[in-house]
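# Fold and geometry: a report
Listed here are the chains, written in short residue letters.
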Amino acid sequence: MIDATKTAVPKLAEALNICRDAGIKVIYAAHMHRPDGCDMGLFDDLHPPIAHRAALVDGTPGVEIYPEVARAPGEHVIKKHRYSAFFGTDLDMILREWGVDTVIISGTTTENCCHATARDAMFRNYRVVFLSDATATYDYPDRGFGGMPAADVHHATLVTLAASTAHVMSVKDMQARLSEVGELA
């Protein structure tokens, strides 16, 4: 696990428990690729560990769900091959079958997988709740435009999402809204 994301794990576990207690269905999205890379797309152009099959390979260490946030019986895992959990998966079909109109986004990374999933959810007319303290990212190295610390990447993404895509809130705020009004958005 990337160091900058470790602080989000307890909040993510808390959010999962709140959702389960409220009867909210939970779906996991796991980004991984086939060992031969046939579903890789352009990721090998952008991130060398993926190109060399040293990261995000189905069936290898690092793609499993962390024990602290393990799925409960009956919860689904969507294997995705792009940042968005909607792209090329059956997530939308499952949510529509269940009659879901609001999705809650949590996990890593704030600006890639979580952001892309939130945008795709909004584009499909789902209300989006984005958990500010149950999402996280990592420090960006300098690749020609300067580096950026994780806190800045996370903050910029939250500001952008709040202005254009999602109801950004903390886990505590989500719990309060569920308790007080029974809805999130």
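To start, this report covers the structure provided alongside it. (Residues numbered from 1 in each chain as written. Predicted model: local features only at pLDDT ≥ 70, side-chain atom pairs only at ≥ 80, totals over all residues. Heavy atoms only, no water.)

### A look at helix α7 (residues 171-180)
Each turn of an α-helix holds 3.6 residues, which means side chains three or four residues apart point in the same direction. Buried residues of α7: Val-171, Met-174 and Leu-178, and no others. An end-on view of α7 places all buried positions within 60° of arc, on one side of the element. Across from the buried face of α7, at angles greater than 90 degrees, the exposed residues are Lys-172, Ser-179 and Glu-180. Summarising the contacts, the buried residues of α7 are in contact with α1 (8-21), β3 (102-108), β4 (127-136) and β5 (167-169). (Buried < 20%, exposed > 50% of the residue type's maximum accessible area, 1.4 Å probe, protein only. Helix = DSSP H or I, 4+ residues; strand = E, 2+ residues; numbered from the N terminus. Arc of directions from axis to C-beta. Contact = heavy atoms within 4.5 Å.)

### What about the state of the cysteines?
Inspection of the entire model under this criterion finds 0 disulfides. In this structure Cys-38 is a free cysteine whose sulfur lies 19 Å from that of Cys-113, the closest cysteine sulfur available. Cys-38 sits in the exposed class, given a relative accessible area of 57%. (Disulfide = S-S within 2.5 Å.)

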